[in-house]
Structures are given as structure tokens and as C-alpha cells.
Amino acid sequence: GGCDNQAKVWDLGSNSQQQVAQHDAPIRHMAWIQEMNVLVTGSWDKTVRLWDTFTGQSRVEALEHGHDVLALAFHPGGKRLASATLNGSVYFWDAISCDCEGVIDGRLDVKGGRLSTDRRTAEGSSAGQHFTCLAFSPDGATLFAAGNTKWVCVYDAGERTLLHRVQVSHNLNLDGVRDELSSRAMTAAGPVDLIDAEDSDEDPEAKRGGVRRPGGASLPGTGARRRPAVKVRSVRVARTGRTWAAATG
């Protein structure tokens, strides 16, 4: 699934395309309900759709959301679906009846530290406050949610309440870790660190610094003038339910 608004199903034995599922906007996430032979797709068209993998037809009407759908996760039994949207909400759906069981407003929970480019404080900023990855525990009792911040939020899936927040990094060299920044670093033209002095004869690559790649250029986001921001790209829970992992950076 991708930016062509389609989810394509392929037969690995014959290497042939079997079915195509269509959305009205790019598809952001997909998941399988193996017990029901159903493919679930979440899209920027603000819907989640369930597709029969044999016929390619939608099993039910689209599950409407008020904002773009960014992530999906299934209860291990395949009977409950969680979906995260652009406004910071997490929806819980009955995968059989497709009824909405409840909603978590996670904007305050996912809110992280202040970026060096933010003109507002972390408390006053509402930009980017949403989850981009979800994962259920093996027993389905808890839901792990994370996004472009320093927090991984753990929710009680039944009561839909926040149980715990885990900070994935305390590295102050990363952007978004500090809750407060000095106002002297922000000017009308933007952050002081990102403004090049006109009379400076210093080599641009030398000023940029950071992690070098072959040829001498800096890797994006690693230079001295723009620090990489802390974020969680994926979160997974072990089958034993005793450990979990988060991919960051």
C-alpha cells in the first residue's frame, strides 16, 4: 500500500497480483486479521477499511474518523482494532461488528519536549501531537503507543486510561528532549543556531559538522546547526508479554 491510494495483494507462489483495495488518499498503514482472512487499511482519507482477501471487496462500510489515520494495531485475538489519527486520538473498534468502543484523547499524553525550531513552549504547542505506531500486548490488556516525541505511552485497553509513560531518551544532544529552552536562542528570523553569519568565511561543511558519510558530506539531521529530533518509529511487545522494544531516531 502506498501513495497510489491502493493496497495490492500478491500471491507469492505464482508471483501474481490477486486483488486491489482502493482508497481516496494514500494508505498509511496496513494489518492482517489472520483468523478472518481480512486485510485492514488505514488511509489519509480519514477511513479504515476491511477487505476480504479472497474477493477484494470491502466487508463493511468504511470506519469513519475525523482525521487522517496514521497507525493500526490488532488485539491478538483479532476481535479488537485500535487506530491512531492525526489529532492525537486513539479509537477502539470491535472488529466483528465494527462498532466504536471508545476513544482516547492522547494529545496531552504524547506531548514531548520542545524543539529548537518551536516558537511556542512545549505546553503551548499543539503541532505534531499524535501517535504514529501502536502495539497490543499478547493478552490484549494493554496498548503501547508512540510517535514523534520522547514518550512511549502505555494504556489500559479495557478502561482506556493511561497507565505509564516511558521516556525513550535523556540525551540532551537530541532535539525535543528538553522541556524548556532559553528564549535568547530564538529570534524573529528563527533559531540562532540555524542563522548563517553573512561575514563568515568558514567552510559551510565545517560549520555543519555532524556524522560524515563517504565524500565528506554530513548525514541529514546530524550537523551542528540542526540536531536530530527524538522520535519513536516502531514499538513491539514480546510474545511473553514481559518485555517490549522501541525503535527510535
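Notes on the structure follow. (Residues numbered from 1 in each chain as written. Predicted model: local features only at pLDDT ≥ 70, side-chain atom pairs only at ≥ 80, totals over all residues. Heavy atoms only, no water.)

We now examine the overall build of the protein. Check the secondary structure of the protein and you find 2 helices and 18 strands. When the 249 residues of the protein are sorted by exposure, 40% land in the buried category. In the protein, the share of contacts with a sequence separation of at least 24, taken over all contacts with a separation of at least 6, comes to 40%. Summing over all exposed atoms, the protein offers an accessible surface of approximately 13800 Å²; the carbon and sulfur share of this is 48%. (Helix = DSSP H or I, 4+ residues; strand = E, 2+ residues; numbered from the N terminus. Buried < 20%, exposed > 50% of the residue type's maximum accessible area, 1.4 Å probe, protein only. Contact = heavy atoms within 4.5 Å. Areas by Shrake-Rupley, 256 points an atom, 1.4 Å probe, with all protein chains shown as cover.)

Quick look at the sheet that holds strand β7 (residues 69–74) now. Spatial ordering of the open sheet is given by β7-β8-β9-β10, a layout of 4 strands whose pairing is antiparallel. Looking at the sheet topology across the chains shown, the edges are occupied by β7 and β10 (100–105). Shown here is a sheet whose adjacent strand axes are inclined to one another by a mean of 20°, direction ignored. One ladder, built from 5 bridges, connects strand β9 (residues 89–94) with β10; its direction is antiparallel. Counterpart to V90 in the pairing with β10 is I104. (Pairing = 2+ DSSP bridges. Axes fitted to C-alpha atoms, helices over the stretch in contact; angles between N-to-C directions.)

Attention now moves to the packing of aromatic side chains. Tallied over the entire structure, the rule returns 3 aromatic pairs. Taken together, a centroid distance of 6.2 Å and an interplanar angle of 90° make the contact between F131 and Y155 edge-to-face. Taken together, the positions of F131 in strand β11 (residues 131–136) and Y155 in strand β13 (residues 151–156) put the pair 24 residues apart, joining distant regions of the chain. Comparing F131 with Y155 shows no difference in burial state: the two are buried. Relative to W244, the ring of F144 lies with its centre 5.4 Å away and its plane at 45°, an arrangement referred to as tilted. A residue pair is termed long-range when its members are at least 10 positions apart, and F144 in strand β12 (residues 142–147) and W244 in strand β18 (residues 244–248) qualify at 100 residues. With a relative accessible area of 7%, F144 lands in the buried category. Overall, the relative accessible area of 33% leaves W244 in the partly exposed class. When the ring centre of W151 is taken as reference, the NZ or CZ atom of R165 above it lies at 3.9 Å. (Phe/Tyr/Trp six-rings, centres within 6.5 Å; stacked < 30°, edge-to-face > 60°. Lys NZ or Arg CZ within 6 Å of the ring centre and 35° of its normal.)

Below, the discussion takes up the nonpolar core. Most often, soluble globular proteins keep nonpolar side chains buried together rather than apart. Core analysis: the biggest nonpolar cluster contains 16 residues, and A82, V90, F92, F131, L134, F136 and L143 have the highest contact counts within it. Sort the elements by how many residues they give to this core and β11 lands first, with 3 residues. (Core = buried A, V, L, I, M, F, W, Y, C linked by side-chain atoms within 4.5 Å.)

This part is about the sheet that holds β13. Paired through backbone hydrogen bonds, the strands of a sheet run either parallel or antiparallel to each other. Strand order in this open sheet of 4 strands is β11-β12-β13-β14, and the pairing throughout is antiparallel. Each having just a single partner strand, β11 and β14 (161–167) make up the two edges of the open sheet. The sheet shows a mean angle of 25° between the axes of neighbouring strands, taken without regard to direction. Looking at chain direction, β11 and β12 are connected through 5 bridges and run antiparallel. Bridging across to β12, F131 finds its partner in G147.

Taken as a whole, this structure holds 3 salt bridges when the rule is applied. When the shortest N-O distance is used, the salt bridge between D4 and K8 registers 3.7 Å. Residue class for K8 comes out partly exposed when judged on its relative accessible area of 36%. Where R80 meets E101, a salt bridge forms, and the shortest distance between an N and an O atom there is 3.1 Å. Placement of the pair is R80 in strand β8 (residues 80–85) and E101 in strand β10, with a sequence separation of 21 residues. (Salt bridge = Lys/Arg side-chain N within 4 Å of Asp/Glu carboxyl O.)

Right, let's talk about the side chain of T41 for a bit. Secondary-structure assignment places T41 in strand β4 (residues 38–43). Of the polar contacts made by the side chain of T41, one reaches the side chain of W51; its length is 2.9 Å. Those residues in contact with T41, other than ones at most four positions away along the chain, are A7, H23, I27, H29, M30, T47, V48, R49, W51 and L72. (Polar contact = N/O pair within 3.5 Å; in protein donor to acceptor, adjacent residues only side chain to side chain.)

Further remarks concern the environment of A145. Mapping A145 onto the fold places it in strand β12. As a C-alpha pair, A145 and R236 span 91 residues in sequence and 9.8 Å in three-dimensional space. Once residues lying within four places of it in the same chain are set aside, the contact partners of A145 are F131, C133, L134, W151, V152, C153 and Y155.

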